[in-house]
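Per-entry structural report
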Amino acid sequence: MNKINQPISVSLIIKHAAILTLDKNHSVIENGAIAIDNDTIVAIGKTGDILQNYQSEQVIDASDCIVIPGLINAHTHMPMTYFKGLADDLPLDKWLNGFIWPLEGKLVNYNFVYDATLHGAAEMIKNGITLANDMYFEGDAMAKALTKAGLRCIIGDPVIGDRVKEKDNVYLVGQDAIANRIKYKDNPLVDFSLAPHAIYSNSKPILEKCAEVALDNDLLVHIHISEADWEKPDCIEKYGKKPVEFLNDIGLLKSKIVLAHGIYVDEEEMDILAANNASIAICTESNLKLANGFAPLKDYLKHKVRCCFATDGVASNNNLDLLAELDFNAKIHKNLSGDPTFLPAEQMLSMATIESAKAIHKEHELGSIEVGKKADIVILDCNSVQAQPMYNPYSQVIYSLGGRAVRDVVINGEMVLKDKKLTKLDENELITKAKEYRTKILNELKQ
């Protein structure tokens, strides 16, 4: 309270909520409230206390709702949204070489990426995702679309061997990421990373250059690893090293790094990952659809490797419902481990929020609902048949609700979804545009 006992004015208050803070104590606040000013959480507590000390013209009543930190999707390819359902039921090599890469060569340009990113961002927001760790081309187009949509994103600058340019016998990698980071330095929603696609799609000198550029410029590295069973023997044949050993030897693991998939990683490699504070983004539904197998999640956690969850792109998963991904992962890995106590709901939610924030090295500002952190918040509607009765809110979030329960989404203090409706994008326009691209893509396939 200020000196004249008047409530302090803030930009937004959320009241009457069951708040799962995911702070270091995993505090749960019943009938809780959050005061937000501009982009920052300034107070959390019981609703009566917050309303006594703060006032706002914008108040969200979250009665019968669970409030959680914004979900972080740790590995995505957002602009591939227009390829959703295009090439299903195929193995990875045929899916990539027979459909995805040829179509990208013909269709991907600035406008395609901008339009597709808007569509993908809308689906992310409607599923309670407030940040995506992405990997795709035309980073400037993505940044503009994401800013319009209001979604946070780390935009990965892809490095694929046959597309890498040289100058004076020096590989030019990361130039777009560095330039865009400077260009958008005052934009709170977008950051940029270096995204070498994979070991098999790049030469050793190029990957060594990636390590150098990432370390020199403090860039996050985002790379696919050991997704298919042929990748490890291929790496051993080429370099005499297993994939994780190879990345360690060339210095790439010295950088901040998120490795996507990591299905065929053994325990020796896990020790190397843990020693380097590397993180694995697990994409189980996408992997199973391609029949690639299961990431050894229990072994990863035993070896203290940080793990987080991701949908991958909708071209290989077909949806961006990260809550459904958490539900599926919790159940399938209980079965695989033979242990029904493995991955309790509270831990699962932590792995999609604060643990993911740690994986991308943004835990100081994201991943939990705490004073001083950015206001990235999701409100889940529990006033429904499938949500009641409720005994354990963590259980309800992971096992019952799914993306359909996302009612409101706040990103950087701004409401981007209100009562299930996007506030910054026109959903009908997105649907119309997607249908137009469908026609273009089908025409390309006929040629």
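Below, the structure is looked at part by part.

Parameters and conventions
- Each residue is numbered by its place in its chain's sequence as written, counting from 1.
- Selection of residues for local features in this predicted model requires a pLDDT of at least 70, selection of side-chain atom pairs for listing and counting requires 80 or more, and totals for whole chains, interfaces and linings are taken over all residues.
- Side-chain descriptors were evaluated using all non-hydrogen atoms of the structure, hydrogens and water having been removed beforehand.
- Side-chain atoms within 4.5 Å are what join buried Ala, Val, Leu, Ile, Met, Phe, Trp, Tyr and Cys residues into a set we call a nonpolar core.
- A 1.4 Å probe rolled over the protein chains alone gives each residue an accessible area, and that area as a share of the maximum for its type sets the label: buried under 20%, exposed over 50%, partly exposed in between.
- Contacts are assigned to residue pairs with any non-hydrogen atoms lying within 4.5 Å of each other.
- Where helices and strands are cited, they refer to DSSP runs of H or I of at least four residues and of E of at least two residues respectively, numbered from the N terminus.
- To estimate how far a helix should reach, multiply one less than its number of residues by 1.5 Å.
- By the criterion applied in these results, polar contacts are pairs of N or O atoms within 3.5 Å in which, for protein atoms, one can donate a hydrogen and the other can accept it, and in which residues neighboring in sequence qualify only through two side-chain atoms.
- Axis lines are fitted through C-alpha atoms, for helices just across the contact stretch, and the angle between N-to-C directions can take any value from 0 to 180 degrees.
- Each crossing gets its hand from how the near helix is turned against the far one by less than a right angle, where anticlockwise is left-handed and clockwise is right-handed.
- In this classification, the charged set is Asp, Glu, Lys and Arg, the nonpolar set is Ala, Val, Leu, Ile, Met, Phe, Trp, Tyr, Cys and Pro, and all remaining amino acids, among them Gly, are polar.

Attention shifts here to the nonpolar core. Core analysis: the largest hydrophobic core is formed by 116 residues, its most contacted members being Phe83, Leu247, Leu259, Leu273 and Val397. What valine 397 contacts, discounting residues up to four positions off in sequence, is Leu20, Ile66, Ile68, Leu323, Leu349, Leu380 and Gly402. The next biggest cluster of nonpolar side chains, apart from the first, holds 18 residues, and it includes Ala17, Val67, Ile369 and Val410.

Turning to helix H3 (residues 110-126), a few remarks are in order. For H3, with 17 residues, the first-to-last C-alpha span of 25 Å sits near the 24 Å given by 1.5 Å per residue. Within H3, 13 of the 17 residues are buried, which leaves it mostly tucked inside the rest of the structure. Capping of H3 at its N-terminal end is provided by asparagine 109; its side-chain oxygen lies 3.2 Å from the backbone amide nitrogen of asparagine 111. Glycine 128, located one to two residues past H3, shows a positive phi value of around 80 degrees.

Turning next to the packing of H3 against helix H4 (residues 139-149). One way to put it is that H3 packs onto H4 with a least axis distance of 8 Å and a crossing angle of 35 degrees. Remark: the crossing between H3 and H4 carries right-handed chirality. Between H3, through Tyr110, Val113, Tyr114, Thr117, Leu118, Ala121 and Ile125, and H4, the contact on the second element is made entirely by Asp140, Ala141, Met142, Lys144, Ala145, Leu146, Lys148 and Ala149. When grouped by side-chain class, the residues that make up the contact of H3 with H4 number 11 nonpolar, one polar and three charged.

By the element assignment, serine 56 lies in the loop between strand E5 (54-55) and strand E6 (59-61). Along the chain, serine 56 and aspartate 37 lie 19 residues apart, while their C-alpha atoms are 9.3 Å from each other. Not counting chain neighbours up to four residues away, the residues in contact with serine 56 comprise Val10, Ser11, Leu12 and Ile13. Within the structure, serine 56 has its side chain in polar contact with the backbone oxygen of valine 10 (distance 3.0 Å). Only 3.1 Å separates the side chain of serine 56 from the backbone oxygen of serine 11, close enough to count as a polar contact.

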